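Inside the fold
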Amino acid sequence: MSKELAIKTEPVDDIPILVASAERMGIAELLDQHFTVDSKWQGLSLGKMLTVWLSHILSESDHRLNQVEGWAEQRLETLRGSLGEAVRALDFSDDRLARGLELLSDDERWKAFEAALNQRSLRVYRLKPERVRIDTTSSSGYWQVTEDGLFQLGHSKDHRPDLPQLKVVLATLDPMGMPVATQVVSGNKADDPLYIPAIDAVRQGVGERGLLYIGDCKMMSFQTRRHLAAGGDDYLGPFSSVEVSAAALDGFLEAVWTGKQALKSVKRCGASGKLEKIAEGFELQETLTAALDDREISWQERRLVIHSLAHAKAAEAGLNRRLQKAQEALQDLTQRRQGKPVFSEVETLRQAAQAVLQRYDLEGLLRVRITQRVQARPLRKYAGRPAQTRLQPQLRLSVQRDATAIQKTVRRLGWRVYGTNCPASQLALEQAVLAYREEYLVEPCFGRLKGKPLSLPPMYLADERHATGLTRLLSIGVRLLTLLEHGVRSQLAKSGEKLRGLYAGNPTRATERPTTEALLRAFKNIYLNFVTVGGQTYHHLTPLSKSQRNILRLLDLPIRTYTRLDAESENPP
């Protein structure tokens, strides 16, 4: 008696980890609490639908709506086992996903959801917020610009000023870089006014004051500093030339040049493991007063005048290159070549030389001298014309470096003024410099948001509500990736161990700082197989390797996160 054999295989990969991690964060539960669907909504709840979609985005590095339904159809049993309820491919149709994005675009509901998500993350992962970093980025696309619309032309951080863009503001917690506030605004907005709303969102979501907010010079506008000081928070960042002019900086440094101001060294452990001097500086203190809501407030601001050695060295090298190039360009003005115009007027040549100095930003550092002499030029006899001599004016240009001016410029390189209202007892000068030097901590968030696996650009959505909702959904993905990474690194630091098996071609290579992307990649090629013989179906899950079991332990996820896919598959196809 022949028995008919049928085999079906589902790719499992990292989906159980992503769904389980989202469940621990309470993403689906909180989405369902704060975003209400209409009575016609059927199937998976909004929260679970968006959780699965987010898992798809993180696993496949693809946020296109039209890719999710087919992807889910190939993983129905995996999704059912991970979610613990029935799943249909139609739960992830384009229309339902688009409706989910429309709901996420509601500003007030998003604020409430984000605050609740922050509170849960802080509680579940036992996070103690102390420092917040705020920065902005832009994302360009081939959109249509409309008046007062989201997609606008503006200063592009993608170096595509020709394309419309939207702007994203992120506030992240140190040291892990987890976003706690996400704002999506039109691409033509200036950065300066965006910081106060972001600060208010952090205050609402984190629920604590006395935090140290760290940002660039755009965060250090007087209005933002006043807002932070009035709310009981601290700030740290460099001043722009508007807040502290070049003349004011020269005034601060005069005491240094005369030897009256001592400098404190700032040291950091270098690659060799030894302490290396990276900066030096001193601080001043000023009392600031401002009116706010019909009352007057005052606070003490420390101004840290810091000399970065690396920045000064790089800037001096750049200055020398500019000097060399400018000298060559100036000398070339009077060089005769075929097809090259000859300067015959002193004023015209002087204007050309001034343009060169401006192009290389070297006015006052190079002295240009133009002289004129009359040269006799013989003309040979030709076609009945007698031989003759013509007097022709000739311009010469000489260039000399102004050593005194260059020396003054060099000694000023690398100096910058930072401001903070945090007392020295809590943030000494050296600590402030090192804290700002870690500004790069927010960059991995932007890297994940705009690169793989979230891949915000290019965005294939023309509707502004959909674009806003998708950006917010991807920001939840950044949180998930950040928390997973923080958890594993904390476990490794606590135990003093290193993780192996994450690098293709080098299985013995170990690291104590693995990325979430590398951890998830280790779970590729796990499959759930259904074998039907003679009317009876058998299930088989690819056995987990020792390395995969170790990663689950570090993620604080049980082995059952995967093995239950076998046990709970009661209705195989």
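Our subject is the structure listed above.
Residues numbered from 1 in each chain as written. Predicted model: local features only at pLDDT ≥ 70, side-chain atom pairs only at ≥ 80, totals over all residues. Heavy atoms only, no water.

Re the pattern of salt bridges
All chains considered together, the criterion is met by 38 salt bridges. Arg-479 is paired through a salt bridge with Glu-114; the nearest N and O atoms lie 3.3 Å apart. Remark: Glu-114 occurs in helix α7 (residues 107–124) and Arg-479 occurs in helix α16 (residues 464–495); sequence separation between them is 365 residues. Here Glu-114 falls in the buried class, since its relative accessible area comes to 5%. Note that Asp-463 is salt-bridged to Arg-465, the shortest N-O span being 3.4 Å. Among the ionic contacts, a cluster of salt bridges with common partners joins Lys-157, Lys-167, Asp-191, Asp-216 and Lys-218. (Salt bridge = Lys/Arg side-chain N within 4 Å of Asp/Glu carboxyl O. Helix = DSSP H or I, 4+ residues; strand = E, 2+ residues; numbered from the N terminus. Buried < 20%, exposed > 50% of the residue type's maximum accessible area, 1.4 Å probe, protein only.)

Examining the sheet that holds strand β6 (residues 234–238)
If you walk across this open sheet you meet the 9 strands as β4-β3-β2-β5-β6-β12-β9-β8-β7, and the pairing is mixed. Each edge of the sheet is formed by a strand with only one pairing partner; in this case those strands are β4 (178–186) and β7 (264–269). Strand after strand, the sheet turns through a mean of 25° between neighbouring axes, direction not considered. Running over the sheet, helix α8 (residues 195–206) touches β2 (131–140), β3 (165–173), β4 and β5 (212–214) and is turned about 140° from β4. (Pairing = 2+ DSSP bridges. Axes fitted to C-alpha atoms, helices over the stretch in contact; angles between N-to-C directions. Contact = heavy atoms within 4.5 Å.)

Examining the side chain of Thr-482
Relative to the helices and strands, Thr-482 is located in helix α16. Given the relative accessible area of 2%, Thr-482 is considered buried. Once residues lying within four places of it in the same chain are set aside, the contact partners of Thr-482 are Met-176, Gly-177, Met-178, Pro-179 and Arg-448.

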